[in-house]
Amino acid sequence: MDEQFRGTFSSVYRSVHAELTHFFRKRLESQADAADLAQDAFAQWLGWRDRNGVEQPRAFLFHIARNLLRDHWRRQQRQGQIEPLEVIADTAAVQPSPLERLDQQQRLRQLARVLEDLPPRRREALILHRFEGLSQNQVAARMGISLSMVEKHIAAALLHCKQQLARETGTDEQ
């Protein structure tokens, strides 16, 4: 594994693993299965023949995740553990339409711009809590600050995001 890919993989793993595990947890009854499937998604990326050519690792991993989820449901269906209609409904719910994907991408770009405006420590606290799923106590321990300071950072960051997004979308509330 070359150093450039190792760095990319490590960075993506840190930033996407919790989100990917959450994706599976919302759709599966077993937390152990969710964790296993999240690891399988990363393992498949590692085994991909053109792994260095993946331009959007997060999107690629979620594509793999949807396929893994479908395969998991099919295995369960064959074993008589779930009803076929549930599989169809859940699979359809997992795949957004092209218009929904475009809207999601636009909102993510908008959010990224707003987050860039935050002071670094405030942004770090918000990302650790909201996007990586750490509790406020865990954020405080990781950042080496008090729980009260974490709460202030997160509250101020959320207020900033709400105000900026409202301005950008023309729904500015005074």
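Residues numbered from 1 in each chain as written. Predicted model: local features only at pLDDT ≥ 70, side-chain atom pairs only at ≥ 80, totals over all residues. Heavy atoms only, no water.

**Student:** Looking at this structure, how should I read the confidence of the model for the chain?
**Tutor:** Low-pLDDT stretches of the model should not have their predicted coordinates read in fine detail. Predicted confidence across the chain gives a mean pLDDT of 82, with 87% of residues reaching 70 or more. By mean pLDDT, the top-scoring element of the chain is helix α7 (residues 136-143) (93), and the lowest-scoring one is helix α4 (residues 84-94) (53). (pLDDT = per-residue confidence, 0-100. Helix = DSSP H or I, 4+ residues; strand = E, 2+ residues; numbered from the N terminus.)

**Student:** Mind showing me how you'd approach helix α3 (residues 57-78) here?
**Tutor:** What sets the pattern is the α-helix's 3.6 residues per turn: residues three or four places apart point alike. End to end, α3 covers 31 Å across 22 residues, agreeing with the expected 32 Å (1.5 Å per residue, within 8%). Within the sequence span of α3, burial applies to P57, F60, L61, F62, I64, A65, L68, L69, R70, H72, W73 and Q76. (Expected span 1.5 Å × (residues − 1). Buried < 20%, exposed > 50% of the residue type's maximum accessible area, 1.4 Å probe, protein only.)

**Student:** For this particular structure, what's the right way to read the nonpolar core?
**Tutor:** One finds V16, L20, F24, L28, F42, W45 and L61 to be the most contacted residues of the largest nonpolar core, which totals 23 residues. If you list the elements that add at least two residues to this core, you get α1 (3-27), α2 (31-47) and α3. Here this core takes 8 residues from α3, the largest share from any one element. The residues touching L61, leaving out its near neighbours within four places in the chain, are V12, V16, L20, A41, F42 and W45. Core analysis: the next-biggest nonpolar cluster, separate from the first, contains 14 residues, A125, L128, M143 and C161 among them. (Core = buried A, V, L, I, M, F, W, Y, C linked by side-chain atoms within 4.5 Å. Contact = heavy atoms within 4.5 Å.)

**Student:** Would you take a moment to explain the side chain of H153 for this structure?
**Tutor:** Note on placement: H153 falls in helix α8 (residues 147-169). The residues touching H153, leaving out its near neighbours within four places in the chain, are R121, R122, A125 and I145.

**Student:** Teacher, can you tell me more about the environment of Q138 here?
**Tutor:** If you trace the backbone, Q138 turns up in helix α7. The exposure class of Q138 is partly exposed, given its relative accessible area of 43%. As a C-alpha pair, Q138 and L128 span 10 residues in sequence and 8.8 Å in three-dimensional space.

**Student:** Please clarify how the packing of α1 against α2 should be interpreted in this entry.
**Tutor:** The description of two helices packed together rests on the angle between their axes and the distance between the axes. In the contact formed by α1 and α2, the axes pass within 9 Å of each other and the chain directions differ by 150 degrees. It follows from the interaxial angle that α1 and α2 lie roughly antiparallel. α2 is crossed by α1, and the crossing has right-handed handedness. Note on element contacts: α2 touches α1 through Q31, A34, A35, L37, A38, Q39, A41, F42, W45 and L46, opposite F5, T8, F9, V12, Y13, V16, H17, L20, T21, F24 and R25. (Axes fitted to C-alpha atoms, helices over the stretch in contact; angles between N-to-C directions. Parallel < 35°, antiparallel > 145°, perpendicular 65-115°, else oblique. Left-handed = near helix turned anticlockwise from the far one by under 90°.)

**Student:** Just checking my understanding: could you explain α1 for this structure?
**Tutor:** With 25 residues, α1 should cover 36 Å at 1.5 Å per step; its first-to-last C-alpha distance of 35 Å lies within 8% of that length. Roughly 45 degrees is the biggest bend found in α1, and it falls at V16. Among the residues of α1, those classed as buried are F5, F9, V12, V16, L20, T21, F23 and F24. (Bend = angle between axes of the 7 residues up to and from the residue.)

**Student:** Can you walk me through the packing of aromatic side chains in this structure?
**Tutor:** The relation between two aromatic rings is expressed through the spacing of the ring centres and the mutual angle of the planes. Considering all chains together, one arrives at 7 aromatic pairs under this definition. Centre to centre, the rings of F23 and F62 are 5.3 Å apart; their planes meet at 85 degrees, and the pair counts as edge-to-face. Remark: F62 occurs in helix α3 and F23 occurs in helix α1; sequence separation between them is 39 residues. There is no split in this pair, since F23 and F62 are both buried. An angle of 70 degrees between the planes, with centres 5.1 Å apart, marks the rings of W48 and F60 as edge-to-face. Of this pair, W48 sits in the loop between α2 and α3 while F60 is found in helix α3, placing the two residues 12 residues apart along the sequence. Exposure remark for W48: the relative accessible area of 39% places this residue in the partly exposed category. (Phe/Tyr/Trp six-rings, centres within 6.5 Å; stacked < 30°, edge-to-face > 60°.)

**Student:** For this particular structure, what's the right way to read the pattern of salt bridges?
**Tutor:** It is possible for side chains bearing opposite charge to pair when their charged atoms get close. Under the defined criterion, the tally for this structure stands at 3 salt bridges. A salt bridge links D71 to R74, with the nearest nitrogen and oxygen atoms 3.5 Å apart. One end of the pair, D71, and the other, R74, are both in helix α3, 3 residues apart, so they sit about a helical turn from each other. Accessibility expressed as a relative area gives 35% for D71, which makes it partly exposed. R74 sits in the partly exposed class, given a relative accessible area of 42%. (Salt bridge = Lys/Arg side-chain N within 4 Å of Asp/Glu carboxyl O.)

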